[in-house]
Amino acid sequence: MHKPDPTAVKPLVHGIFDPSTWTVTYVVHAQDSHACAIIDSVLDYDPKSGRTSTSSADKVVDYVLDHGLQVAWILETHAHADHLSAAPYLKARLGGKTAIGANITAVQKVFKGIFNLEPDFALDGRQFDHLIADGESLDLGSLRIQTLSVPGHTPACMAYQVGDAVFVGDTLFMPDVGSARCDFPGGDAASLYASVHKILSLPPETRLYMCHDYPPEGRPVQFESTVAEQRSANIHLKDGISEADFVRMRTTRDATLAMPVLILPAVQINIRAGELPPPEANGVAYVKIPLNVL
């Protein structure tokens, strides 16, 4: 029996760009189904005041409600270091299950130590509704979400394939930007090289959706590419670049990069599935700033 080609299915993809964090949140659904998934949501955060707000997430809410959609999944490609997740807010407004790669437990273990989190902070991923195994298939109405473990940037990075569309997280950027750093705890450039080539082995016309865009001066923001475009033009990972060359470049480049502006609040909150830390006796939640550690 002929096996159907999943890339023949072309879901609808709506990207919402957050200029404060250069992040794209996606809503993906089929034309003939009300079920949708939200991928990599953003909770607005002002690092000067410590205040959160929901203007970015409300754009997602508006799109879902305006199109009569029902949220099945609120997915994270990884525990982001550059923005806070709005998953709890979106779940409260729209429903759906939160999910992340099963290796989030390794990330939680590392950062519980770095931030000296409360003793009862669980290290088994229970903060999320579902932990995703590599190759697992998730229901999405008339569509399926095929999951791919793509470690390298972090140990828990996942990509999500829905028909001919793949949401790559931080494995890849647009071809003129290249690839993500690999110097966070648990990151590994050789693993990222292998992960990217897992994605780039898909058919050339496969649509790839980036989690971020940091455009060179003069180029407008873009966040959709194809396997063919990445293989021919990605400045870090195009065809012909060896693993050794990539690891050498990535290691040298990462040594020059500053930490992301929001890494301290973002990681503490994102390993909790976007929930704020438990409030202290005065009713206020706090994030920690470890001194001389990172």
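In the block above lies the structure referred to throughout.
Note that residues are indexed from 1 along each chain, following the sequence as it is written. The predicted origin of the model limits local features to residues at a pLDDT of at least 70 and limits the giving and counting of side-chain atom pairs to 80 or more, whereas totals for whole chains, interfaces and linings rest on all residues. Water and hydrogen atoms were dropped before computing side-chain values, which therefore reflect all heavy atoms in the structure.

Attention now goes to empty space enclosed by the protein. Of the grid points, spaced at 1 Å and generated over the protein atoms alone, those admitting a 1.4 Å probe that cannot get out make up cavities, while open sets with protein on both sides within 12 Å along at least five of seven lines make up pockets; any residue with an atom within 4 Å of a point is treated as lining. Grid points are joined across faces, edges and corners, and a volume is the space filled by probe spheres set on the points. Taken as a whole, this structure holds one cavity of 30 Å³ or more when the rule is applied. There is about 80 Å³ of room inside the largest cavity. Lining of the largest cavity is provided by A79, A81, V107, F111, T154, F184, P185, I263 and V267. A run of H or I in DSSP counts as a helix once it spans at least four residues, and a run of E counts as a strand once it spans at least two, with each numbered from the N terminus. Among the secondary structure elements, those contributing two or more residues to the lining of the largest cavity are α3 (104-115) and α7 (263-270). Here the lining of the largest cavity is composed, by residue class, of eight nonpolar, one polar and no charged. In this classification, Asp, Glu, Lys and Arg are treated as charged, Ala, Val, Leu, Ile, Met, Phe, Trp, Tyr, Cys and Pro as nonpolar, and every other residue, Gly included, as polar.

In this model α3 runs 16 Å from its N-terminal to its C-terminal C-alpha over twelve residues, within 8% of the 16 Å that 1.5 Å per residue would give. Inspection of α3 places I104, V107, Q108, F111, K112 and F115 among the buried residues, and these make up the whole buried set. All buried residues of α3 fall inside an arc of 130 degrees around its axis, so they share one side. Residues K109 and G113 are exposed on α3 and point more than 90 degrees away from its buried face. Note on definitions: a residue-residue contact is assigned when non-hydrogen atoms from the two residues lie within 4.5 Å. Summarising the contacts, the buried residues of α3 are in contact with β7 (97-101), β8 (130-132) and α7. Downstream of α3 by a residue or two, N116 has a phi angle that is positive, lying close to 50 degrees. Expected helix span is computed as 1.5 Å times (number of residues minus one). Using a 1.4 Å probe on the protein chains alone, a residue whose accessible area is under 20% of its type maximum counts as buried, one over 50% counts as exposed, and one in between counts as partly exposed. Arc definition: directions from the helix axis to the C-beta atoms.

What follows concerns unusual backbone geometry. Although it is not a glycine, N116 sits at a positive phi angle of roughly 50 degrees. Structurally, N116 can be placed in the loop between α3 and β8. With a phi angle near 65 degrees, A273 is a residue other than glycine that sits in the positive phi range. Tracing the backbone shows A273 in the segment after α7.

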